[in-house]
Amino acid sequence: MHDNARSPAASARKPETFRDAASETPFVRHLLIFAALAYLAFFLLLPLVSIFVEAFRRGAGAYFDALIEPDALAAIRLTLLVAAIAVPLNLVFGVAAAWAIAKFEFKGKAFLITLIDLPFSISPVISGLVYVLLFGSQSVLGPLLKSHGIEILFAVPGIVLATVFVTFPFVARELIPLMQDQGTGDEEAALSLGASGWQTFWRVTLPNIKWGLLYGVLLCNARAMGEFGAVSVVSGHIRGLTNTMPLHVEILYNEYNFVAAFAVATLLALLALVTLVLKAVLERRFGAEIAASRKH
Amino acid sequence: MTDTTYAVAKWRIRKPSVIPGFGLTLGFSLAYLSLIILIPISGLVWRTASMGWGEFFAIATDERTLRALYVSFGTAFVAGLVNVVFGVLVAWILVRYNFRGRRLIDSVVDLPFALPTAVAGIALAALYAPNGWVGSLVAPLGLKIAFTPLGIIVALIFIGLPFVVRTVQPVMEEIDSEVEEAAATLGANRFQTIRRVLLPGLMPAILTGFALAFARGVGEYGSVIFIAGNIPYVSEIAPLLIVIRLEEFHYEGATAIASIMLVISFAMLFIINLIQAWSRRRFGHA
Amino acid sequence: MSNFLNKLSAIALGVSLAIGPVVPAMAQTTLLNVSYDPTRELYKDFNAAFAAHWKKETGEDVAIRQSHGGSGKQARAVIDGLEADVVTLALESDINAIAERTGKIPADWRGRLPNNSSPYTSTIVFLVRKGNPKGIQNWGDLVKGDVQIVTPNPKTSGGARWNYLAAWAWANEEYKGDQDKIRAYITELFKRAPVLDTGARGSTVTFAQRQIGDVLLAWENEAYLAGKEFGEDSFDIVWPPISILAEPPVTVVDGNADAKGTRKVAEAYLQYLYSDEGQNLAAKHFYRPSKRDVVAPELLQKLPDIKLVTIDEPVFGGWAKAQPEHFGDGGIFDQLYKPGK
C-alpha cells in the first residue's frame with residue numbers, strides 16, 4: 001500500500017518525522033476509515049437493507065406471490081422492453097458522439113458536451129414535461145400524429161422517449177474522457193497501414209474502449225429501468241399496460257401493499273447490485289487490460 | 001438548424017485530421033441530440049416565451065417560487081458540501097488504505113446511480129421518520145429529520161454520494177506519492193502536505209464532483225417528495241412546485257419555473273465542463 | 001475478447017425477441033376508467049361485477065383498465081390525451097376542466113346521470129389514535145392545545161379540498177359567517193399540519209405508518225380502509241357533527257368513447273354504478289350510496305347520519321365559483337397558508 005511505501009534512503013535519514021509527514025498514524029487511519037464507513041452505512045447500506053427487510057416482512061411466500069402477480073409481470077415486461085429500446089439507441093449515439101468529440105478538434109465542443117450533459121441535471125419532472133408540451137393534445141404535434149393513428153403520450157413510445165432522454169448522456173459521458181485520453185495515435189497508425197475507417201473503428205478503437213463502453217451501458221441500463229419522475233409524467237399509469245416497475249412500486253405503496261411494493265423494489269435494487277457486481281468482476285478479471293486501455 | 005450550420009462550416013471550424021468519420025458521427029450526434037433533447041426543450045422555451053415577459057417575471061418573482069428555488073438550491077448546496085467532505089474521505093480510504101471489504105465498499109458506492117429514486121425515497125422516509133430505525137435514535141435529542149428540510153438534505157446526500165467519490169478517485173490514484181515524500185523531506189508536516197500539495201491538484205475534480213452532485217440534487221424529485229414534508233415556503237422543492245402548477249392546469253407557471261431551472265442547470269454544466277477542460281490542459285486528466 | 005461484444009449483442013437481441021409480445025392481444029372491448037386515488041379497491045370489485053353483468057346481458061367480453069392517481073393529475077392526463085372512456089374523479093371542477101379544455105365532454109355533463117352524476121357520495125371524518133387521547137370531537141377541537149393535523153395539500157389533492165371546505169363549512173356556521181374569524185380558523189388549522197403530502201394515500205401513510213400527528217382529516221372510506229390495513233385497534237373514527245357532502249362525479253368522455261366506438265358499454269358501465277349491485281358495492285367500500293333503499297341495512301349502519309353541507313349552498317356557491325375563489329392561484333387558500341412567515 002501507498003502509506004507503507006517509502007524509499008529506504010529517506011527513511012534512513014529521518015524516519016520519525018517522515019512517517020508523520022507522508023502518511024497518517026494508524027490511529028488517524030482507523031479513524032478515517034471508521035468515519036467513511038459510518039457515512040456509507042447511514043446513507044447507503046441502511047436504505048438498501050431496509051428494502052429487503054420490508055420485502056420479507058411477511059415471509060418468502062408473500063414475497064414471491066407479489067412478483068408473479070400479472071400486473072407485476074406486465075410491469076417487468078414493459079420495463080425490459082423500454083430498456084431494450086432505449087439502451088441500444090443511446091449506445092449508438094454515445095459511440096458516435098464520443099468519436100466526433102474525442103478524435104477531432106472543432107469549435108463549440110465545450111458547448112456540445114454541455115448539451116449532451118444537460119439531461120443529467122434536468123429535473124426528471126421537466127424531462128417528462130417537455131414531451132407533454134410537445135406531444136400532448138394541447139400541442140400542435142399531438143393532434144397531427146393522432147390523426148395518423150400514432151400515439152406517443154400515455155403509450156409505450158412516450159415512455160421510451162422519456163427514458164431515452166434521462167439516460168441520454170450515460171454512454172457518451174463514459175466514453176468521451178476515455179477516448180480523449182487515448183488520443184488518435186492508434187487510429188492514425190491503422191489508417192496509415194491501409195485500414196479503412198470502419199476497419200479502424202472495429203479492430204482498433206472498439207477493443208480499446210470496450211470496458212468503458214460496457215460500464216456506460218450498465219449504468220445506462222440501470223437508470224433506464226429505474227427512472228421514475230420522467231416516466232411518471234408521460235405514462236398515464238394504466239395498470240398492466242403503461243406501468244413500469246418503478247411506477248408499479250408507487251402504485252402498490254399507495255394501495256398500502258408495502259410488502260409487494262418493496263418486493264418489486266428489491267428486483268430493482270438487485271438489478272442495481274448485479275450491475276455493480278458485474279462492473280467489479282470485470283474490473284478484477286480484466287483489471288490489467290482496463291488499466292492498459294486507460295493509459296493508452 | 002445547428003445541424004446544417006455545422007455541416008457547412010465544419011471545414012473552417014475544425015482542425016484538419018486524417019481520421020475519417022467526422023461528418024458522419026457529428027451529423028448523427030447532432031441529429032439525435034436535436035430530436036431527443038433540443039426540439040423537446042425548445043418546445044418548453046417556446047411555450048415560456050409565448051407567455052410574455054410581464055407574466056414570466058410575475059411568476060419568477062412570486063415569493064412561493066423564490067422560496068421553492070431557495071429550498072432546492074439551498075439543500076442541494078448543503079448536501080453537496082457534505083458529499084465533498086465525505087466523498088473525498090471515502091475516495092481517500094479506497095485509494096490509500098487496504099482494509100477488509102474495500103472492494104465491496106468500492107462497488108457499493110455506485111448504488112445511488114442505479115437504485116430507482118422512488119425506491120430510495122420510500123426507504124429513506126421509513127428509516128428517518130420519527131418511528132424509523134434512525135429517526136427513533138435521534139428523536140430523543142429533539143431532532144427531526146424526515147418531513148423537514150433536513151430530510152431533503154438526507155435524500156440529496158444519498159443521490160449525490162457517488163459523484164464526488166467517482167470524480168476524485170481516479171485523480172487521487174494518479175497522484176505520485178513521491179510528491180508527498182518530497183514535501184515531507186522539505187519539512188512540511190502531514191497537514192501542510194495535504195493542504196498545500198494534495199488538495200490543489202484535487203481541486204478541479206472536487207469542484208466537478210460537487211457541481212454534478214449539486215446539479216443533480218437541484219432537480220431531484222422522486223426520492224425527495226417522500227421524505228420532505230412538502231410544506232410550502234419551508235420544505236417545498238422547485239420540481240414539486242412544477243408538478244403542483246401542472247395539477248392546477250397552470251401550464252405557464254409550470255413552464256416558467258422549469259425554464260428557470262433549465263437555464264441554471266445549463267449554466268452550471270457549462271462551468272463544470274470549462275473546469276474539466278481547464279484541468280485536462282493543466283494536469284493532463286479530468 | 002474480440003468477440004465479446006458480438007456475444008453481448010446476441011444476448012441483447014435474444015432478450016428483446018423474448019420480451020417482444022408485450023401488448024396482449026385484445027379481441028374484446030376494453031374500457032379505460034381514469035379515476036382518483038381512494039377508489040382503487042371499489043373499482044377492483046366493481047369492474048369484475050360489471051364484466052360478469054355485461055357478459056350475461058350481451059354475451060360480450062369487456063375488459064376494464066384502471067388508472068389511479070391524484071384527481072388533478074388524472075384530469076391533466078386526460079386533457080393531455082390519455083384516452084379515458086370514462087372518468088370517475090374526486091371533484092366536479094376537475095371534470096369541468098376536461099370539458100372546457102378539450103371539448104370532449106359537453107358542458108352539461110352533470111345532468112346526464114342521476115344525483116348530479118354522483119352515484120355515491122362521501123364525507124370527511126377524523127381518524128384519531130386509539131382511545132382519542134386528545135379528545136377530538138368537533139372541528140373546533142382541531143385547533144386546541146398542541147393538536148397536530150395531517151392532511152394532503154389542497155392544491156394537489158381532491159380529498160384535501162373537501163377537507164378544507166368541510167372545515168370552512170363548520171367555521172361558517174360557528175362564527176355566523178364572520179369572514180375574519182373563518183379565515184383565522186382556517187389559517188390556524190393548516191398551521192398545525194407538519195406534512196402536506198401530495199395525495200390522500202400519502203397522508204394516510206404519514207399518519208398511520210409514520211405515526212405523525214394526532215388526527216388525520218380523511219375521506220370516510222379512507223378512514224375505514226386505514227383501520228383495515230394498519231390494524232383496527234390502532235385508530236378510532238370520529239364523525240364531527242357537521243361535515244361536507246363530497247360528491248365525486250362520473251361521466252363518459254364522449255370524444256374518446258365515440259372515437260373508439262365504446263360509448264354504449266361506457267354508458268352501461270356508469271349506469272351500473274346506480275344498480276343494486278353497484279350501490280351495495282359502493283356501500284361495502286364505505287361510500288355513501290345515492291339509493292339507500294336498495295342497500296343492506298348493516299352496510300348503512302357504518303355510515304352514520306351527520307349534517308352534511310353541500311358545495312352548492314350559498315356559502316360556497318357551487319364549484320364554478322368555489323374553485324377559483326378558494327383554490328385558484330392566489331386564491332383564499334394561498335392567501336391564508338403561508339407557514340414560512
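What counts and what doesn't
Each chain carries its own residue numbering, running from 1 in the direction its sequence is written. Here chains are named by letter from A upward and ligands by number from 1 upward, in the order in which they appear as written. In keeping with the model being predicted, local features are shown solely for residues with a pLDDT of at least 70 and side-chain atom pairs are shown and tallied solely at 80 or more, while totals for entire chains, interfaces and linings include all residues. Working from all heavy atoms in the structure, the side-chain values ignore hydrogens and water. UniProt positions are given in the numbering used here, feature names are shortened, and annotations may be inferred rather than shown by experiment. A run of H or I in DSSP counts as a helix once it spans at least four residues, and a run of E counts as a strand once it spans at least two, with each numbered from the N terminus. Residue exposure (1.4 Å probe, protein chains only): buried if accessible area is under 20% of the type maximum, exposed if over 50%, otherwise partly exposed. Contact between two residues is taken to exist if any of their heavy atoms lie within 4.5 Å; hydrogens are not considered. Note on areas: these come from Shrake-Rupley sampling with a 1.4 Å probe, and a residue is covered only by the protein chains present in the view. Two residue types count as positive, namely Lys and Arg, and two as negative, namely Asp and Glu; His and chain ends fall outside the count. Charged groups are reduced to one reference atom each: NZ for lysine, CZ for arginine, CG for aspartic acid, CD for glutamic acid. Buried area is calculated as the accessible area (1.4 Å probe) missing from two parts once they are joined, with the contributions of both summed. In what follows, salt bridge is the name for a side-chain nitrogen of Lys or Arg lying within 4 Å of a carboxyl oxygen of Asp or Glu. Definition of a polar contact: a pair of N or O atoms within 3.5 Å, with one able to donate and the other able to accept a hydrogen when the atoms are protein atoms, and with sequence-neighbouring residues admitted only if both atoms are side-chain atoms. Side-chain classes are defined by residue name, with Ala, Val, Leu, Ile, Met, Phe, Trp, Tyr, Cys and Pro counting as nonpolar, Asp, Glu, Lys and Arg as charged, and the others, Gly among them, as polar. Every axis corresponds to a line fitted to the C-alpha atoms, with the helix fit spanning only the stretch in contact, and the corresponding angles, defined between N-to-C directions, vary from 0 to 180 degrees. Oblique is the label for every angle not falling under 35 degrees (roughly parallel), over 145 degrees (roughly antiparallel), or within 65 to 115 degrees (roughly perpendicular). Handedness of a crossing is defined here by the sense of rotation of the near helix relative to the far one, left-handed for an anticlockwise turn of less than a right angle and right-handed for a clockwise turn. Given the number of residues in a helix, its expected span is that number minus one, multiplied by 1.5 Å. What we call the bend at a residue is the angle made by axes fitted to the seven residues finishing there and the seven residues starting there. We call two strands paired when DSSP finds no fewer than two bridges between them. Think of a patch as exposed residues, more than 30% relative accessible area, with no salt bridge, where like charges cluster within 9 Å and nonpolar side chains (Val, Leu, Ile, Met, Phe, Trp, Tyr) cluster within 5 Å. Boundaries of every domain are those given by an automatic assignment or by a domain database. A pair of aromatic rings is counted whenever rings of Phe, Tyr or Trp (Trp by its six-membered ring) have centres within 6.5 Å, and the orientation is called stacked for planes under 30 degrees apart, edge-to-face for over 60 and tilted otherwise.

Going by what an unreviewed UniProt entry lists, chain B is known as Sulfate transport system permease protein CysT and is assigned to Ferirhizobium litorale. Here is the UniProt Subcellular location (unreviewed entry) comment for chain B, exactly as written: "Cell membrane". Regarding chain B, the UniProt comment filed under Sequence similarities (unreviewed entry) reads as follows: "Belongs to the binding-protein-dependent transport system permease family. CysTW subfamily."

For chain A, an unreviewed UniProt entry supplies the name Sulfate transport system permease protein CysW and the organism Ferirhizobium litorale. Looking at chain A in UniProt, the text filed under Function (unreviewed entry) is "Part of the ABC transporter complex CysAWTP (TC 3.A.1.6.1) involved in sulfate/thiosulfate import. Probably responsible for the translocation of the substrate across the membrane."

Trainee: Any details on the overall build of chain B? Residues and values, ideally.
Mentor: Helix and strand content of chain B: 13 helices and 0 strands. With the C-alpha coordinates aligned to their principal axes, the bounding extent of chain B is approximately 70 × 65 × 30 Å. Looking at chain B as a whole, 62% of its 286 residues qualify as buried. Summarising the internal contacts of chain B: among those between residues at least 6 apart in sequence, 72% fall at separations of at least 24. If you sum the accessible surface of chain B, you get close to 11,300 Å²; carbon and sulfur atoms cover 68% of it. The positive charge centre, built from 21 side chains, and the negative charge centre, built from 17, are 7 Å apart in chain B.

Trainee: Quick rundown of the interface of chain B and chain A? Include the residues and the values.
Mentor: On the chain A side, the residues contacting the 101 residues of chain B number 100 residues. Roughly 9,200 Å² is buried in total at the junction of chain B and chain A, and carbon and sulfur atoms are behind 77% of that figure. Considering only the surface of chain B that becomes buried against chain A, I19(B), Y32(B) and Y97(B) emerge as the three largest contributors, covering 7% of it. Counting the contacts that link chain B with chain A gives 0 salt bridges. For the interface between chain B and chain A, the tally reads 7 residue pairs in polar contact (both at pLDDT 80 or more). When its residues are assigned to classes, the side of chain B that touches chain A shows 71 nonpolar, 18 polar and 12 charged.

Trainee: I'd like to hear about the packing of helix α5 (residues 70–103) of chain A against helix α6 (residues 109–121) of chain A, residue by residue, with values.
Mentor: Residue and element names in this part refer to chain A. At a minimum axis distance of 11 Å, the contact between α5 and α6 shows a crossing angle of 160°. Considered as vectors, α5 and α6 are oriented roughly antiparallel to each other. α5 and α6 meet at a crossing whose hand is left-handed. In this structure, α5 uses F93, A97 and I101 to contact α6, whose residues at the interface are K109, L112, I113 and I116. Taken together, the residues of the contact of α5 with α6 sort by class into 6 nonpolar, no polar and 1 charged.

Trainee: Provide a residue-level description of unusual backbone geometry, including the pertinent values.
Mentor: Residues and elements named next belong to chain C. The backbone of S117 shows a phi angle near 60°, a positive value even though the residue is not glycine. Topologically, S117 is positioned in helix α5 (residues 114–117). Using a relative accessible area of 1% as the deciding quantity, one classes S117 as buried.

Trainee: Lay out the interface of chain B and chain C with the relevant residues and their values.
Mentor: Reports often express the size of an interface as the amount of accessible area lost when the parts come together. Every contact between the two is made by 24 residues of chain B and, on the other side, 31 residues of chain C. For the pair chain B and chain C, the summed buried area comes to about 2,300 Å², and 57% of that belongs to carbon and sulfur atoms. For the chain B face of the interface with chain C, the top three residues by lost area are F147(B), E247(B) and F249(B), together amounting to 29%. Summed over the shared surface of chain B and chain C, the number is 2 salt bridges. Between R64(B) and D334(C) there is a salt bridge, with its nearest N and O atoms 3.6 Å apart. Between chain B and chain C we count 6 residue pairs in polar contact (both at pLDDT 80 or more) in total.

Trainee: Give a description of the UniProt feature "domain: ABC transmembrane type-1" (unreviewed entry) in chain A that names residues and reports values.
Mentor: Here, UniProt's "domain: ABC transmembrane type-1" (unreviewed entry) annotation points to residues 76–279 of chain A. In residues 76–279 of chain A, the share of helix is 80% and the share of strand is 0%. The end C-alpha atoms are 23 Å apart.

Trainee: So what's going on with the packing of α6(A) against helix α2 (residues 22–49) of chain B? Which residues, and what values?
Mentor: Running from N to C, α6(A) and α2(B) point in directions that differ by 50°, and their axes come no closer than 11 Å. Classified by the interaxial angle, the pair formed by α6(A) and α2(B) is oblique. Considering the relative orientation of α6(A) and α2(B), their crossing is left-handed. Contacts between α6(A) and α2(B) involve L112(A), L115(A), I116(A), L118(A) and P119(A) on the former and, on the latter, L26(B), L30(B), L33(B), I37(B), L38(B) and I41(B).

Trainee: Break down the UniProt feature "transmembrane region" (unreviewed entry) in chain A for me, with residues and values.
Mentor: Residues and elements named next belong to chain A. On the UniProt side, "transmembrane region" (unreviewed entry) is annotated at positions that read residues 31–53, 73–99, 111–132, 152–172 and 258–278 here. Regarding residues 111–132, the helix share stands at 91% and the strand share at 0%, and the terminal C-alpha atoms are separated by 26 Å. Each end of residues 258–278 is marked by a C-alpha atom, and these two atoms are 29 Å apart; helix forms 100% of the span and strand 0%.

Trainee: Requested: an account of the UniProt feature "transmembrane region" (unreviewed entry) in chain B, with residues and values cited.
Mentor: Residue and element names in this part refer to chain B. In the numbering used here, UniProt assigns the "transmembrane region" (unreviewed entry) feature to residues 21–49, 69–95, 107–129, 141–165, 197–215, 221–244 and 256–278. Secondary structure across residues 141–165 divides into 68% helix and 0% strand, with the first and last C-alpha atoms of the span separated by 31 Å. Counted over residues 197–215, helix gives 100% and strand 0%. Its end C-alpha atoms are 28 Å apart.

Trainee: Could you give me a rundown of helix α9 (residues 149–174) of chain B, with the residues and numbers involved?
Mentor: Residues and elements named next belong to chain B. The first and last C-alpha atoms of α9 sit 38 Å apart over 26 residues, in line with the 38 Å expected at 1.5 Å per residue. For α9, the principal kink sits at G160 and spans about 45°; a proline, P162, occurs within the next four residues. Most of α9 is tucked away, with 21 of its 26 residues classed as buried.

Trainee: Give a description of the sheet that holds strand β3 (residues 86–88) of chain C that names residues and reports values.
Mentor: Residues and elements named next belong to chain C. If you walk across this open sheet you meet the 4 strands as β2-β1-β3-β11, and the pairing is mixed. Where the open sheet ends on each side, the last strands, each with one partner, are β2 (62–69) and β11 (250–252). Mean inter-strand twist for the sheet, computed between neighbouring axes without regard to direction, equals 20°. Pairing of β3 with β11 involves 3 bridges; the strand directions are antiparallel. When the sheet's bridge partners are listed, V86 is paired in β11 with V252.

Trainee: Give me a nonpolar patch on the surface: which residues, what numbers.
Mentor: Judged by side-chain polarity, L45(A), V49(A), V53(A) and W133(B) come together as a nonpolar surface patch covering roughly 320 Å² of accessible area. Inspection of the secondary structure assignment puts W133(B) in the loop between α7 (117–128) and α8 (135–138).

Trainee: Help me get a handle on the domain arrangement of chain B, residues and values and all.
Mentor: Residues and elements named next belong to chain B. Looking at the assigned domains, one finds that chain B contains domain 1 (21–50) and domain 2 (54–284). Placing a centre on the C-alpha atoms of domain 1 and another on those of domain 2 gives a separation of 28 Å. The partner domain 2 presents 8 residues to the 4 residues of domain 1 that form the contact. Roughly 500 Å² is buried in total at the junction of domain 1 and domain 2, and carbon and sulfur atoms are behind 73% of that figure. Considering only the side of domain 1, the residues that lose the most area to domain 2 are L44, R47 and T48, jointly responsible for 85% of the buried surface there. At the junction of domain 1 with domain 2, the criterion picks out 0 salt bridges. Linking domain 1 with domain 2 are 1 residue pair in polar contact (both at pLDDT 80 or more), by the criterion used here. Per-class residue counts for the side of domain 1 that touches domain 2 are 2 nonpolar, 1 polar and 1 charged.

Trainee: Describe the packing of aromatic side chains, naming the residues involved and giving the relevant values.
Mentor: All names here are of chain C. Throughout the structure, instances matching the rule amount to 51 aromatic pairs over all chains. Arranged with centres 6.0 Å apart and planes meeting at 70°, the rings of F190 and Y337 form a pair that is edge-to-face. Of this pair, F190 sits in helix α7 (residues 179–191) while Y337 sits in the segment after α15 (332–336), and the two are 147 residues apart along the sequence. Assessed through its relative accessible area of 2%, F190 is described here as buried. Aromatic ring contacts, followed pair by pair, group W162, Y164, W168, F190, W319, F327, F333 and Y337 into a single cluster.

Trainee: Which residues make up the pattern of salt bridges, and what values go with them?
Mentor: Where charged atoms of side chains with opposite charge meet at close range, the side chains can pair. Residues and elements named next belong to chain C. Inspection of the entire model under this criterion finds 39 salt bridges over all chains. The residue E41 makes a salt bridge to R201 at a minimum N-O spacing of 3.1 Å. Taken together, the residues span a long stretch of sequence, with E41 in helix α2 (residues 40–58) and R201 in helix α8 (residues 200–208) at a distance of 160 residues. For the residue pair E41 and R201, the accessibility class agrees, reading buried in each case. Between R110 and E92 there is a salt bridge, with the nearest N and O atoms lying 3.0 Å from each other.

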